[in-house]
Amino acid sequence: MSNELVRDGGFENSPWWFTGTAKVDVNCQRTGQYAARVNLGGTSGTVSQRIFIPFAGRYRFSFWHVTDSGGGSVAVKAEIRIATPRQTVTVYESVLGPNQVYQQAGTRQDIELESQYIEIVFAATANAPSPAWYIDDVSLVEIP
Ligand SMILES: [Ca+2]
């Protein structure tokens, strides 16, 4: 069993930070009752969490996501922001159309991290009209 570093990766009792039109939502979850809706259709938002990395090592980041309704497209990205050395690692970046389900299998999001605080950030930038972007089941685990 892996030692999960993301607190409430399923957004069920959320210690996450939301900006713009982001919030937890019950419409497009993968597990449990809730997912994070990163943006409302036609608007923008971010969802983030600060995480302490206990040991230097290799870590695997993964998440599930989906877009819902809307016409047009939404520019989305998932980043890991590192303080020392100051760095932003873009884990996922795309322009997504409406009503599509995506599965990020963590195998290609491995990252070397020192012991320190990092921040996971999901950002959606809408080009009105646009779909909403939902994420669920966020995970960051050390690779043995
Ligand atoms: Ca959930």
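Our subject in this report is the structure included herewith. (Residues numbered from 1 in each chain as written. Predicted model: local features only at pLDDT ≥ 70, side-chain atom pairs only at ≥ 80, totals over all residues.)

**Some details on the overall build of the protein**
For clarity, the cut-off: In this text, helices come from DSSP runs of H or I with a minimum length of four residues, and strands from runs of E with a minimum of two, each type numbered from the N-terminal end. Note that the radius of gyration is over C-alpha atoms, with the globule rule given as 2.2 Å times the number of residues to the power 0.38. The burial label depends on the number of other C-beta atoms within 10 Å of a residue's C-beta. Counts of 20 or more mean buried, 12 or fewer mean exposed, and intermediate counts mean partly exposed, with C-beta atoms placed from the backbone. Placing C-beta atoms from the backbone, we regard two residues as in contact once those atoms come within 7 Å.
Looking only at helices and strands, the protein features zero helices and eleven strands. For 144 residues, the compact-globule estimate of 2.2 N^0.38 gives 15 Å, and the C-alpha radius of gyration of the protein, at 15 Å, lies within 12% of that figure. Across the 144 residues of the protein, 36% fall into the buried class. For the protein, contacts bridging at least 24 residues in sequence account for 77% of all contacts bridging at least 6.

**Observations regarding the pairing of strand β5 (residues 57-68)**
Stated formally: Paired strands, in this sense, are two strands between which DSSP finds at least two bridges.
As paired strands, β5 and strand β9 (residues 110-113) are joined by four bridges and run antiparallel to one another. Note on β9: the bridge partner recorded for arginine 58 is glutamate 112. Direction of pairing for β5 relative to strand β8 (residues 101-103): antiparallel, over a ladder of three bridges. Residue histidine 65 lies in a different strand from β8, and its bridge partner there is tyrosine 102.

**Remarks on the environment of valine 24**
Counting through the fold element by element, valine 24 comes out in strand β2 (residues 23-25). Judged by the 20 C-beta atoms lying within 10 Å of it, valine 24 is buried. Placed 78 residues apart in sequence, valine 24 and tyrosine 102 show a C-alpha to C-alpha distance of 19 Å. The residues contacting valine 24, other than those within four sequence positions of it, are Phe11, Ser14, Tyr34 and Ala36.

**Let's talk about the sheet that holds strand β10 (residues 117-127)**
Hydrogen bonds between backbone groups are what pair the strands of a sheet, and the pairing can be parallel or antiparallel. Worth spelling out the cut-off: Lines fitted to the C-alpha atoms define the axes, with helices restricted to the stretch that makes contact. Angles between their N-to-C directions range from 0 to 180 degrees.
A sheet is described by the order of its strands in space; here five strands give the open sequence β1-β4-β10-β6-β7, paired in antiparallel fashion. In this open sheet, the two strands that pair with only one neighbour each are β1 (17-20) and β7 (87-96). Going from strand to strand, the sheet's axes swing by 15° on average, the running direction of each strand aside. In terms of strand pairing, strand β4 (residues 45-52) meets β10 through eight bridges, oriented antiparallel. Bridged to phenylalanine 52 within β10 is tyrosine 117.

**What to know about unusual backbone geometry**
A cis amide bond, omega -5°, links alanine 128 with the succeeding residue proline 129. The backbone of phenylalanine 11 shows a phi angle near 65°, a positive value even though the residue is not glycine. Tracing the backbone shows phenylalanine 11 in the segment before β1. Assessed through the 26 C-beta atoms surrounding it within 10 Å, phenylalanine 11 is described here as buried. Located in the positive-phi region is asparagine 99, a residue other than glycine, with phi close to 60°. Note on asparagine 99: 11 C-beta atoms within 10 Å, which makes it exposed.

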